There are 2 protein chains.
Amino acid sequence: MAASETLTAERILEATEEVLRRHGPAKATVVDVARALGVSHGTVYRHFRTKAALREAVSKRWLDRTSQTLSRFVTEDRDPEARVRDWLAALFAAKREKAGGDPELFATYSVLAEEAGEVVSEHIDELTGQLTEIVRAGVDSGVFTVTDPAIAARTVFQATGRFHDPAYAREWRKPGAEEEFGAMVELLLRGLRG
Amino acid sequence: MAASETLTAERILEATEEVLRRHGPAKATVVDVARALGVSHGTVYRHFRTKAALREAVSKRWLDRTSQTLSRFVTEDRDPEARVRDWLAALFAAKREKAGGDPELFATYSVLAEEAGEVVSEHIDELTGQLTEIVRAGVDSGVFTVTDPAIAARTVFQATGRFHDPAYAREWRKPGAEEEFGAMVELLLRGLRG
DNA sequence: GGAATGACAGATATTGAAATCTGTCATCTG
DNA sequence: CAGATGACAGATTTCAATATCTGTCATTCC
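Keep in mind that this is a model prediction, so the values were computed, not measured.

Chemist: Please clarify how the protein's contact with DNA strand D should be interpreted in this entry.
Modeler: Near DNA strand D, the surroundings consist of 13 residues, among which H41, Y45 and K51 of chain A together with S40 and T43 of chain B are the closest. In DNA strand D, the atoms that sit within 4 Å of the protein are 60% sugar and phosphate, with bases accounting for the remainder. One nitrogen or oxygen atom from the main chain of V31 of chain A is found 3.4 Å from a phosphate oxygen belonging to DNA strand D. Residue contributions to the surface near DNA strand D peak at four residues, all from helix α3 (residues 41–47) of chain B. Looking at the surface near DNA strand D residue by residue, the classes come out as four nonpolar, seven polar and two charged.

Here you go:
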């Protein structure tokens, strides 16, 4: 039996991701997860209070991977304007790659995220927080002239929603999407500079 | 019988809107529309090839009302910057009012629009066309410094998507939405000015 | 004794048969 | 004869019976 190893929250999450990959968000059940782990479903409920909590944890994991990837631009010691550009480009690239690489899995995670409102809010707060730091660096160095870096960052994030919100995923593969993204970033940077 | 008047496409569209209002998008049938008009459903098919075509026509009507409302800002002889501001504000106000006033009807039309891809594309082309004209006026008068008014207008329209795309309707009633909209418009105007 | 189990009640999902709807067209009606 | 009808075939939806799932908890097992 695979039960030779201790049953950790981590192992349950991995099994859940696998079950979601196989069955999709509508058909993936807690019983399936338990079966995949070779335990009874009651045992899964010892680690996660509800099915919703389990799915939320999976969502969080998924979203955190993106935050992680982008965080490197925050600490870099480079021109803030270039960092805003690169941070946004990396966000778009990451999303587009995930959506294009395995559309079904991407749709699955999009459904999960839809359900997990709180987790998504926190993710967005994390991302705008990162962007705020870069914008603040730009204001401090005099490249940007906005009054409030936090508001400016939130606005830039919202303005680029079309290029990172899963609801728009089908637009990302259209020809011209790259150009549209470029025009958006340049217009926003003009706005940040003033 | 209500059939005293001639059966026009117009009358069918009105009856369809009424049926949609009553039954919602999922349950509204062509048979219902025919019944409301006191004719057989075969007669409705004489005017609209398919149910989808009928729904598209209803969507077009709905969207055209918004285009109509906004067109006045295009012809006005005023400061282009103020006109961009007002055009965007009018768009947001119109959408928010419709969504807030009768959420169920708004949801119904949102579903219809989702189905009618082509009609929505044309609507968006019409709106960005309007905005392009205002931006071009701004470039001509020297207030704006963007290279291509059409690209700039499209970008501004996309950036403000959060404030007019029905997918975001639930965000519009949140406190702070007005401020977020204001910050977005001001950042974009800074970008247009350069 | 702390972790795992599986029987259970209520909620949710699946299924397949019956009902309704879409779109066509031969026929009817003024 | 132009416009309307309603019967029809195939597609889609509805509905109720059946099966499965979620979440709990008394009991079992190391």
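Chemist: Looking at this structure, how should I read helix α9 (residues 177–193) of chain A?
Modeler: For an α-helix the count is 3.6 residues per turn, leaving residues at separations of three or four pointing the same way. Helix length check: α9 of chain A, at 17 residues, gives a terminal C-alpha distance of 24 Å against a target of 24 Å (1.5 Å per residue), a fit within 8%. Listed as buried for α9 of chain A are A177, E180, F181, A183, M184, V185, L187, L188, L189, G191 and L192 of chain A. The inward-facing, buried residues of α9 of chain A abut α5 (80–101) and α8 (149–159) of chain A together with α9 (149–159) and α10 (177–193) of chain B. A positive phi of about 85 degrees marks G194 of chain A, the residue just after α9 of chain A.

Chemist: Got a minute to help me understand the side chain of T155 of chain A in this structure?
Modeler: Along the chain, the position of T155 of chain A falls in helix α8. For T155 of chain A, a relative accessible area of 2% corresponds to the buried category. Those residues in contact with T155 of chain A that lie beyond four places of it in its chain are A183, M184 and L187 of chain B.

What counts and what doesn't
- Residues numbered from 1 in each chain as written.
- Chains lettered and ligands numbered in written order.
- Predicted model: local features only at pLDDT ≥ 70, side-chain atom pairs only at ≥ 80, totals over all residues.
- Heavy atoms only, no water.
- Near = heavy atom within 4 Å.
- Polar contact = N/O pair within 3.5 Å; in protein donor to acceptor, adjacent residues only side chain to side chain.
- Helix = DSSP H or I, 4+ residues; strand = E, 2+ residues; numbered from the N terminus.
- Nonpolar A, V, L, I, M, F, W, Y, C, P; charged D, E, K, R; others polar.
- Expected span 1.5 Å × (residues − 1).
- Buried < 20%, exposed > 50% of the residue type's maximum accessible area, 1.4 Å probe, protein only.
- Contact = heavy atoms within 4.5 Å.

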